[in-house]
Amino acid sequence: MEIFIIVLVMLVLIGVSNVLYRYIPFVPVPLIQIALGAVIAVIPIGFHLHLEPELFFILFIAPLLYNDGRNTPRDELWRLRAPILLLSVGLVFATVVVVGYTIHWMIPTIPIAAAFGLAAILSPTDAVAVGALAGRIQLPKSLMRLLEGEALMNDASGLVAFKFAIAAAMTGVFSLQKATFSFIVIAVGGLLVGAVLAFLIIGIRQLLRRAGLEDETMHMLLQLVTPFLLYLIAEELGVSGILAAVAGGIVHAIEDDRVDHSMPRLKAVSINTWSVILFILNGLVFVILGLQIPQVTSVIFKDPAINNGVVIGYAVVIFVLLLVLRFVWTFLFTWFGKDKLSLKVIVLTTVSGVRGAVTLAGAFSIPLVLNNNDPFPQRDLIIFLAAFIILLSLLSASILLPLIAKKRIVADESEKAHEEREWQMKVMGAAIRHLERVTHEANEEAIESVIAEYRRMILELEMRENQNRPLPRRRQQELEMRIVALDIERKYVNEQLENGSISEKHADFYYKMLDQIELILANRLHLWRMVLKGLWSKVKANFTSAGRKLAFSEADIATLRGLRLQCSEAVLEEMDARCQPDTKDDPTECVTAYYHQIIKRMKAMPVHTKNKTQDFNEARKELHWIAIQAERDEVQTLYEKGTIDRELASNLRRHIRDREAAMYEEDEIG
């Protein structure tokens, strides 16, 4: 029961951390989660979680790295194989030697083998922490791929070096030749075992499908247990379970590319399931890290034989040395390599080397006693130094990365307006994509109507974007033909009015509608709210405010639909006469295609009863709310990732509020 309560509290903390992040987005979520974990740990309620390193690696590191292997672009990994290997292997061993000797020199009470062990466990960067911090800063793509590839591989090299160093500390015996050979066997063996096992699991899935077992839930279960199987089997065989999980993820990514076409529903289930699992695992990693820190620090701070200021100074010196070594290593690589990196990118690479839970879990795995039953020398101090350096790396990356990677400031007002319109269109596009995902047979008609409104608003923004720049010749010709088509419609409506086929009420509404459409096309008016598409979208609720004031009945609606159909046919008839078959890129083609679509929709439009129209309007109200919420979520996500700044996010939210007010008024009046 105690374990259940602890897990439940940690899950609540993950949720609280994301709520707090909404209000303090300049503080990364990992730091908030660490702080919350530390707060819970110091509250005198008997809340304590013992960190079991082996369980931590299999429960958290294996699935996280497996997923990273699935999602990291394989072509990018292969293209960056040289710098990835130099960082994940070369830099790890350089760190072990340089930092290890430095630690032993500063703190002679830490034996050289144990110092090498501390340096080894400090060498791996944390894939989870790197992703959590870098995602909000919008680092260069090539740098992100390099950091991801490094984090995938250096866990194994760092942990292997750590195990050899600790074994040497335990026994007092170390062989460089034997260690090098063992490292190659463990690393290469882990990759081979992971790949072979992944192919076997893929084969099992294919056999199940051939037997007619294509249930998405069952195949999803196989996906979930795969990283644990890869890790456990590899470790039992004496090779790297971490590299086995990475290799298995890469192999499954190849299989996913093929399955996407044959089992599209499995892809949707897989994406949603993994997103929830990764959200929880990522959060738990940092909450657990926070839970351990008070215990680690209290042991050192309460020891009267240790000067707290000096120990903190040791941690700072080691951390600075790690940064300097990483900078020099990256600089030398780019200096002698083919790809020349700018100083800014080198500094970003240096600061992005964030240490995380892998480092702390490794430190906790240090045995309590040596082979001769003596206490392991300075075990508590080693764990403290590891924990403090983790915090320093997270804090420095959180503060320095946004400053170094700061985006260009857009000073010109016209450029700001252009950028704002571009983001408005992207946010509305996110709302459209969300509506398309929630569509089903019962609400399909209402969703088409709301999506049509959003596409019309995007078209308005595109038109406004082009008002101060000349349109391409083809676009200009198409625009002119659209204006001509509207004149043809006016002429036809006037003829129908004169011969008594339609009333003045119907003609007046249609004229006003054509005028507003022309204003949009000519881009001479900013329309805060327009629902003209509603006339073609089958329902009375879509009429403009002018139309509603005329109190149209169902018979009026039917008449206007018929008039729309007749006007479209009249446009097509005259356009056909103007069309020049031998002319390349005839601008009338776009216009005729548009009116053909209108005719198709008009003829396919069902007849609505009063009750059905009411149900339709209720569905539209709900979908309007869903779309507006999708817009807000997109803006928040962009802001949290650092893609847009606070000012732009505020402006985008203001536009969303305007749309929400317009839609609310429209729904209520309709």
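Just so it is clear, the structure is predicted and the values come from calculations on it, not from any experiment.

Draft legend 1. Fine view of the overall build of the protein. Of regular secondary structure, the protein possesses 26 helices and 0 strands. Across the 670 residues of the protein, 51% fall into the buried class. Counted over contacts in the protein with a minimum sequence separation of 6, partners at least 24 positions apart contribute 79%. For the protein, the accessible area works out to roughly 32,600 Å², and carbon and sulfur atoms hold 62% of it.

Draft legend 2. Focus on the packing of helix H9 (residues 176-210) against helix H10 (residues 216-236). Two elements in contact, H9 and H10, have axes whose closest approach is 10 Å; the angle formed by their N-to-C orientations is 155 degrees. Accordingly, the angle class assigned to the pair H9 and H10 is roughly antiparallel. As for the relative orientation of H9 and H10, their crossing is right-handed in sense. In contact with Val193, Gly194, Leu197, Ala198, Ile201, Arg205, Leu208 and Arg209 of H9, H10 contributes Met218, His219, Leu222, Gln223, Thr226, Leu230, Ile233 and Ala234. Taken together, the residues of the contact of H9 with H10 sort by class into 10 nonpolar, 4 polar and 2 charged.

Draft legend 3. Region of interest: the environment of Ile390. Locating Ile390 in the fold gives a position in helix H16 (residues 379-404). A residue is classified by how much of its surface remains accessible, and Ile390, at 0% relative accessible area, is buried. For the pair Ile390 and Ala357, spaced 33 residues apart in sequence, the C-alpha to C-alpha distance is 8.1 Å. Sequence-distant contacts of Ile390, defined by excluding residues within four places in its chain, comprise Leu289, Arg355, Gly356, Thr359 and Leu360.

Draft legend 4. Structural view of a nonpolar patch on the surface. A cluster of nonpolar side chains, Phe4, Ile5, Leu8, Val12, Val16, Val19, Leu20, Tyr23, Ile24 and Phe26, forms an exposed patch at the surface whose accessible area comes to about 950 Å². Summarising the element assignment, Tyr23 is placed in helix H1 (residues 2-23).

Draft legend 5. The side chain of Thr350, seen in detail. Positionally, Thr350 belongs in helix H14 (residues 343-351). For Thr350, a relative accessible area of 7% corresponds to the buried category. Discounting chain neighbours no more than four positions away, the residues touching Thr350 are Leu323, Arg326 and Phe327.

Draft legend 6. Molecular detail of the nonpolar core. Core analysis: the biggest nonpolar cluster contains 109 residues, and Met10, Phe56, Ile110, Leu118, Ile318, Phe376 and Leu385 have the highest contact counts within it. The greatest single-element share of this core, amounting to 14 residues, is contributed by H16. With 28 residues, the next largest nonpolar core counts Met425, Val427, Leu435 and Ala630 among its residues.

Draft legend 7. Structural context of the packing of aromatic side chains. With the rule as written, the count across this model stands at 7 aromatic pairs. One aromatic cluster is present, formed by Phe56, Phe57 and Phe60 through successive ring pairs. Looking at Lys426, its charged tip hangs above the ring of Trp423, at a distance of 4.3 Å from the centre.

Draft legend 8. Representation of the confidence of the model for the protein. Residues of the protein with pLDDT of at least 70 account for 78%, and the chain-wide mean is 77. Across the protein, the secondary-structure element scoring lowest on mean pLDDT is helix H21 (residues 533-536), at 37, and the one scoring highest is helix H6 (residues 112-122), at 90. Under a pLDDT of 50 for its full length, residues 523-550 has, in the predicted model, 88 contacts with residues more than four places off or in other chains.

Draft legend 9. Representation of the packing of helix H5 (residues 81-106) against H6. The interhelical angle for the contact between H5 and H6, taken along N-to-C directions, is 130 degrees, at an axis separation of 8 Å. As judged from the angle between their axes, H5 and H6 are oblique. Seen along the crossing, H5 lies across H6 with a hand that is right-handed. Contacts from Thr95, Val96, Val97, Val99, Gly100, Tyr101, Ile103 and His104 in H5 reach Ile112, Ala115, Phe116, Leu118, Ala119 and Ala120 in H6.

Draft legend 10. Fine view of unusual backbone geometry. Even without a glycine there, the phi angle at Asn373 is positive, about 70 degrees. Relative to the elements of secondary structure, Asn373 occurs in the loop between helix H15 (357-364) and H16. Notably, Gln378 is not glycine yet its phi reads approximately 55 degrees, a positive angle. For Gln378, the location among the structural elements is in the loop between H15 and H16. Gln378 sits in the partly exposed class, given a relative accessible area of 29%.

Draft legend 11. Representation of the side chain of Ser396 in the model. Its place among the elements puts Ser396 in helix H16. Ignoring anything within four residues of it in the chain, the contact list for Ser396 reads Phe319, Val351 and Leu401.

Draft legend 12. Seen up close, the pattern of salt bridges. All told, the structure shown has 4 salt bridges when counted by the stated rule. Between Arg490 and Asp487 there is a salt bridge, with its nearest N and O atoms 2.9 Å apart. Here Asp487 and Arg490 lie together in helix H19 (residues 473-498), a separation of 3 residues that amounts to about one turn. Judged by relative accessible area, Asp487 falls into the partly exposed class, the value being 42%.

Draft legend 13. Up close: the environment of Leu152. Locating Leu152 in the fold gives a position in helix H8 (residues 141-171). Separated by 91 residues in the primary sequence, Leu152 and Leu243 place their C-alpha atoms 7.8 Å from one another. Apart from the residues within four sequence positions on either side, Leu152 is in contact with Leu65, Asp68, Gly69, Thr72, Leu77, Leu243 and Val246.

Draft legend 14. Up close: the environment of His596. Here His596 lies in helix H24 (residues 588-604). Each C-alpha atom of the pair His596 and Leu572 lies 7.9 Å from the other, and the pair is 24 residues apart in sequence.

Draft legend 15. Layout of H6. Most of H6 is tucked away, with 10 of its 11 residues classed as buried. All buried positions along H6 are accounted for by Ala113, Ala114, Ala115, Phe116, Gly117, Leu118, Ala119, Ala120, Ile121 and Leu122.

Reading the values: the criteria
Residues numbered from 1 in each chain as written. Predicted model: local features only at pLDDT ≥ 70, side-chain atom pairs only at ≥ 80, totals over all residues. Heavy atoms only, no water. Helix = DSSP H or I, 4+ residues; strand = E, 2+ residues; numbered from the N terminus. Buried < 20%, exposed > 50% of the residue type's maximum accessible area, 1.4 Å probe, protein only. Contact = heavy atoms within 4.5 Å. Areas by Shrake-Rupley, 256 points an atom, 1.4 Å probe, with all protein chains shown as cover. Axes fitted to C-alpha atoms, helices over the stretch in contact; angles between N-to-C directions. Parallel < 35°, antiparallel > 145°, perpendicular 65-115°, else oblique. Left-handed = near helix turned anticlockwise from the far one by under 90°. Nonpolar A, V, L, I, M, F, W, Y, C, P; charged D, E, K, R; others polar. Patch = residues over 30% accessible without salt bridge, like charges linked within 9 Å, V, L, I, M, F, W, Y side chains within 5 Å. Salt bridge = Lys/Arg side-chain N within 4 Å of Asp/Glu carboxyl O. Core = buried A, V, L, I, M, F, W, Y, C linked by side-chain atoms within 4.5 Å. Phe/Tyr/Trp six-rings, centres within 6.5 Å; stacked < 30°, edge-to-face > 60°. Lys NZ or Arg CZ within 6 Å of the ring centre and 35° of its normal. pLDDT = per-residue confidence, 0-100.

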